[in-house]
Amino acid sequence: MASVPATRSRPARFRPRRTPVPSARPPRRGVLSYWRQYLAISPFYLVFAVFSLFPVFFSLFLAFQRWDGLSDMTFVGLQQFQFLVKDPVFWQSVGNTLVIWVLSTVPTLFGALVLAALVHSVRRFKGFYRIALFVPNVTSIVAVSIFFAAVFSNNFGLVNAILGLVGIGPIAWLTNPWLIKVVIALLMTWMWTGYNMIIYLAGLQAIPPEVHEAARIDGAGPVRAFFGITLPMLRPIILFTVVISTINGLQSFSEPQVLFGTNAANASLGGPGQAGLTTLLYFYQEAFMNNDYGYGAAIVWAFFLLIIVLVVVNWRLVQRGRKE
Amino acid sequence: MTRRWGGIGAHVVLVAAVLISVFPFVWTVVMATNTTTDIYHSPPKFTPGSHLLENVGNVLADIDFFGSMLNTLIVATVTTALVVFIDSLAAFAFAKFDFPGRRVLFGLLLVFMMLPLQLGTLPQFIIMSQIGWVGTLQALVPPALANAFGIFWMRQYISGGVPDELLDAARIDGCGFFRQYWNVAVPLMRPALSFLSIYAFVNSWNDYIWPLIVLTDPSRLTLQVALAQLNVGHNTDYSMVMAGVLLATVPMVAVFALFARGFIAGATEGALRG
């Protein structure tokens, strides 16, 4: 709290009540005198309370209920979660999400780092590279997903057409359980590499050039300078991108939903064998297609706990690297 | 000498990356201007054709493209205006004034910034159905207004970009809180406001999950949901679908190209000062 002026060094209770306290600062004001500030922040906190805060706690409450949205709610305790841990589809969706996340995050962050170092090193066209490499990030996931569906189409897609030219038979990109994940991961990599590159690039530009100058005089080559100086100095920014990528990457929904959600031949979401069913897609299916609100809430909360665990694990991994 | 060749090597890799990054846009144009037969032909046609109008005509026959674009435009404009006003006003109070509870309230906001939005999706839907907004466009606006990132980012900007001395001078001249915000801070916040506007507009324009859930009436969709519907069916007319993708993507890419510099600078500022 506010620091106590020196003249108040005597304990308050010994002070005669009516003596005015000599002090340079204006007298303390009541909470109500800040009404303008509270009024300024209130629109945000009102919306925030009704559409963010309350929903989050209400969904936690729902996770312990059975409810289809119409009839009465019944409290079922941990029943939803007991069902969840034995639900093979849930675990499959978690596995799918994790595989897609790893397949996309690793190349995204690695590629972003390499591209940022290259853009940083060149003298001309910097601005052009930044903009041209960032542009995938402003397109809509729906448009990109439709594009990938067309290009990786099993029969006539561009990728198979080109492979056909060099004598490689058509590959079933959108039906093979592994290739489905690869296609989704490629899509996410395409969208997010430029975004992370821009962040790394800003980090690189914040490193004072004298540091590298000194290293060069001491005889360090570009590779040693990169691993010895650049990477350690970028560590906080790398940590930031790892956390953001974990939170974003695990939330893949639109990509598989557009690619496989509307497959008329398959009643369940996520494509053949549900190989592209991510956890959020499963949540969508249970909550909004099957109207199982309680179970949907349980899925999304279990999933949230998983994200926390992974963020903490990632944080630890990157932090541990610092001590070495 | 080696430096020079190293430099050329860097450009070669970067140009290759740029080609990969812009290829989908180029190929979308190629597909949207040819017939599906041309694309399915082996080897496929690699140059733009002359069937764009025909494909666009098919899109317009298949979905209410301009209707859904207008819907998207309305929602994105309203959302953007409200987000920019609400966030900049709150951020101004947080950045320049000390009031009881300031730290707690701001901390709460930071914690919630980390939560996945989907945690609240289901109750948001229940709220919307309780107040009878399911299927309406106004249902799309409120969830987008709880934009914690916007406040966080604006506060960072205002702390450095609006000098205390100017606010003090305004105070001495008799300006109250709101006049300080409107007459002193807002003009100084221009670059940040324009970044936040584009950010909010692009987010709203590209949003998919929430409109998909809450817009039940097929005649009142946003662009992204309508676009996804083009992809339904087993015998997809890809030329037609890609014409739709092209129509939906071009406006956003054009906006981005116009404001790219400020936008990229703004996006990194939030990341680095955090």
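As the structure is a computational prediction, the values presented were derived from the model and not from experiment.

Draft legend 1. View of the overall build of chain B. Scanning chain B for helices and strands turns up 14 helices and zero strands. Order of helices (α) and strands (β) in chain B, N terminus to C terminus: α-α-α-α-α-α-α-α-α-α-α-α-α-α. Principal-axis analysis of the C-alpha atoms places the extent of chain B at approximately 75 × 70 × 30 Å. When burial is assessed residue by residue, chain B has 52% of its 274 residues classed as buried. Counting contacts in chain B only where the partners sit at least 6 residues apart, residues at least 24 apart contribute 73% of the total. For chain B, the computed accessible surface area is about 12400 Å², with 65% contributed by carbon and sulfur atoms. Chain B carries 13 positive and 14 negative side-chain charges, and their two centres are separated by 14 Å.

Draft legend 2. Representation of the environment of Leu-118 of chain A in the model. Counting through the fold element by element, Leu-118 of chain A comes out in helix α3 (residues 88-121). For the pair Leu-118 of chain A and Trp-192 of chain A, spaced 74 residues apart in sequence, the C-alpha to C-alpha distance is 17 Å. Excluding residues that lie within four positions of it along the chain, Leu-118 of chain A makes contacts with Ala-10, Val-13 and Leu-14 of chain B.

Draft legend 3. The packing of helix α1 (residues 35-62) of chain A against helix α5 (residues 102-113) of chain B, seen in detail. Packing of α1 of chain A against α5 of chain B brings their axes to within 12 Å, and their N-to-C directions diverge by 45°. With respect to each other, α1 of chain A and α5 of chain B are oriented oblique. For the crossing formed where α1 of chain A meets α5 of chain B, the hand is left-handed. Contacts between α1 of chain A and α5 of chain B involve Ile-41, Phe-44, Tyr-45, Phe-48, Ser-52, Leu-53, Val-56 and Phe-57 of chain A from the former and Leu-105, Phe-106, Leu-108, Leu-109 and Phe-112 of chain B from the latter. Of the residues contributing to the contact of α1 of chain A with α5 of chain B, the split by class is 12 nonpolar, one polar and no charged.

Draft legend 4. Summary view of a nonpolar patch on the surface. Residues Leu-70, Leu-73, Ile-74, Val-78 and Leu-82 of chain B make up a contiguous nonpolar surface patch of roughly 400 Å² in combined accessible area. By relative accessible area, Leu-82 of chain B is classed as partly exposed at 34%.

Draft legend 5. Up close: the packing of aromatic side chains. In this structure the tally under the stated criterion is 45 aromatic pairs over all chains. Between Tyr-284 of chain A and Phe-288 of chain A the ring centres are 6.0 Å apart and the planes differ by 40°, which places this aromatic pair in the tilted class. Taken together, the residues Tyr-284 of chain A and Phe-288 of chain A, both in helix α11 (residues 279-289) and four residues apart, mark about one turn of the helix. An identical accessibility class is assigned to Tyr-284 of chain A and Phe-288 of chain A; each is buried. Site record: aromatic cluster; members linked through ring pairs are Phe-134 of chain A together with Phe-149, Trp-153, Tyr-157, Phe-195, Tyr-199, Phe-256 and Phe-263 of chain B. One residue, Lys-181 of chain A, lies across the ring of Trp-178 of chain A, its end atom 5.6 Å from the ring centre.

Draft legend 6. The arrangement of the domain arrangement of chain A in detail. Residue and element names in this part refer to chain A. What the domain assignment lists for chain A is domain 1 (36-75) and domain 2 (86-321). Taken over C-alpha atoms, the centre of domain 1 sits 31 Å from the centre of domain 2. Listed by partner, the interface residues are 10 residues for domain 1 and seven residues for domain 2. Between domain 1 and domain 2, a total of about 700 Å² is buried, with carbon and sulfur atoms accounting for 65% of that surface. Where domain 1 packs against domain 2, one counts zero salt bridges.

Draft legend 7. Just the interface of chain B and chain A, in detail. Tallying the contact residues gives 87 residues for chain B and 84 residues for chain A. The largest contributions to the chain B side of the interface with chain A come from Leu-14, Leu-119 and Leu-122 of chain B, which together make up 9% of the buried area. Our enumeration of links across chain B and chain A arrives at 12 residue pairs in polar contact (both at pLDDT 80 or more). Top contributing element to the side of chain B that touches chain A by residue count: helix α1 (residues 2-33) of chain B, with 17 residues. Residue classes in the side of chain B that touches chain A are distributed as 70 nonpolar, 14 polar and three charged.

Draft legend 8. Structural view of the confidence of the model for chain A. Residues and elements named next belong to chain A. In this model, chain A carries a mean pLDDT of 85, and residues with pLDDT of at least 70 account for 88%. For the stretch residues 1-17, pLDDT sits under 50, and the model shows 10 contacts to residues farther than four places along the chain or on other chains. In this model residues 19-24 is a low-confidence stretch, pLDDT under 50, and it forms five contacts with partners more than four residues away in sequence or in other chains.

Draft legend 9. Inspection of unusual backbone geometry at higher detail. Residues and elements named next belong to chain A. Not every positive phi belongs to a glycine, and Phe-125 is a case in point at roughly 65°. Along the chain, Phe-125 falls in the loop between α3 and α4 (126-134). When its relative accessible area of 49% is taken as the criterion, Phe-125 is described as partly exposed.

Draft legend 10. Broad picture of the nonpolar core. Judged by nonpolar contacts, the single largest core of 193 residues is most densely connected at Met-154 and Met-189 of chain B. The contacts of Met-154 of chain B, once residues within four sequence positions are left out, are Asp-87, Ser-88, Ala-91, Met-189, Ala-192, Leu-193 and Leu-196 of chain B.

Draft legend 11. Structural detail: the UniProt feature "transmembrane region" (unreviewed entry) in chain B. Residues and elements named next belong to chain B. Those places that UniProt annotates as "transmembrane region" (unreviewed entry) correspond, in this numbering, to residues 12-32, 73-94, 106-127, 133-153, 181-202 and 240-264. For residues 12-32, the helix share is 100%, the strand share is 0%, and the end-to-end C-alpha distance is 30 Å. Secondary structure over residues 240-264 splits into 100% helix and 0% strand, and the C-alpha atoms at its two ends are 33 Å apart.

Draft legend 12. Geometry of the UniProt feature "transmembrane region" (unreviewed entry) in chain A. All names here are of chain A. What UniProt calls "transmembrane region" (unreviewed entry) maps, in this numbering, to residues 38-64, 98-119, 131-152, 182-203, 223-247 and 295-318. End-to-end, the C-alpha atoms of residues 182-203 are 30 Å apart, and along that stretch the chain is 100% helix and 0% strand. Overall, residues 295-318 shows 100% helix and 0% strand. The separation of its end C-alpha atoms is 35 Å.

Draft legend 13. Seen up close, the confidence of the model for chain B. Residues and elements named next belong to chain B. Predicted confidence across chain B gives a mean pLDDT of 88, with 94% of residues reaching 70 or more. Looking at the elements of chain B, mean pLDDT is at its lowest for helix α2 (residues 36-40), recorded as 79, and at its highest for helix α4 (residues 65-96), recorded as 95. Across the whole predicted complex the pTM is 0.88, and at the interface the ipTM reaches 0.90.

About the thresholds
- Residues numbered from 1 in each chain as written.
- Chains lettered and ligands numbered in written order.
- Predicted model: local features only at pLDDT ≥ 70, side-chain atom pairs only at ≥ 80, totals over all residues.
- Heavy atoms only, no water.
- Helix = DSSP H or I, 4+ residues; strand = E, 2+ residues; numbered from the N terminus.
- Buried < 20%, exposed > 50% of the residue type's maximum accessible area, 1.4 Å probe, protein only.
- Contact = heavy atoms within 4.5 Å.
- Areas by Shrake-Rupley, 256 points an atom, 1.4 Å probe, with all protein chains shown as cover.
- Lys, Arg positive; Asp, Glu negative; His and termini not counted.
- Charge placed at Lys NZ, Arg CZ, Asp CG, Glu CD.
- Axes fitted to C-alpha atoms, helices over the stretch in contact; angles between N-to-C directions.
- Parallel < 35°, antiparallel > 145°, perpendicular 65-115°, else oblique.
- Left-handed = near helix turned anticlockwise from the far one by under 90°.
- Nonpolar A, V, L, I, M, F, W, Y, C, P; charged D, E, K, R; others polar.
- Patch = residues over 30% accessible without salt bridge, like charges linked within 9 Å, V, L, I, M, F, W, Y side chains within 5 Å.
- Salt bridge = Lys/Arg side-chain N within 4 Å of Asp/Glu carboxyl O.
- Phe/Tyr/Trp six-rings, centres within 6.5 Å; stacked < 30°, edge-to-face > 60°.
- Lys NZ or Arg CZ within 6 Å of the ring centre and 35° of its normal.
- Domains from an automatic or database assignment.
- Buried area = accessible area lost by both parts, 1.4 Å probe.
- Polar contact = N/O pair within 3.5 Å; in protein donor to acceptor, adjacent residues only side chain to side chain.
- pLDDT = per-residue confidence, 0-100.
- Core = buried A, V, L, I, M, F, W, Y, C linked by side-chain atoms within 4.5 Å.
- UniProt positions renumbered as here; feature names shortened; annotations may be inferred.

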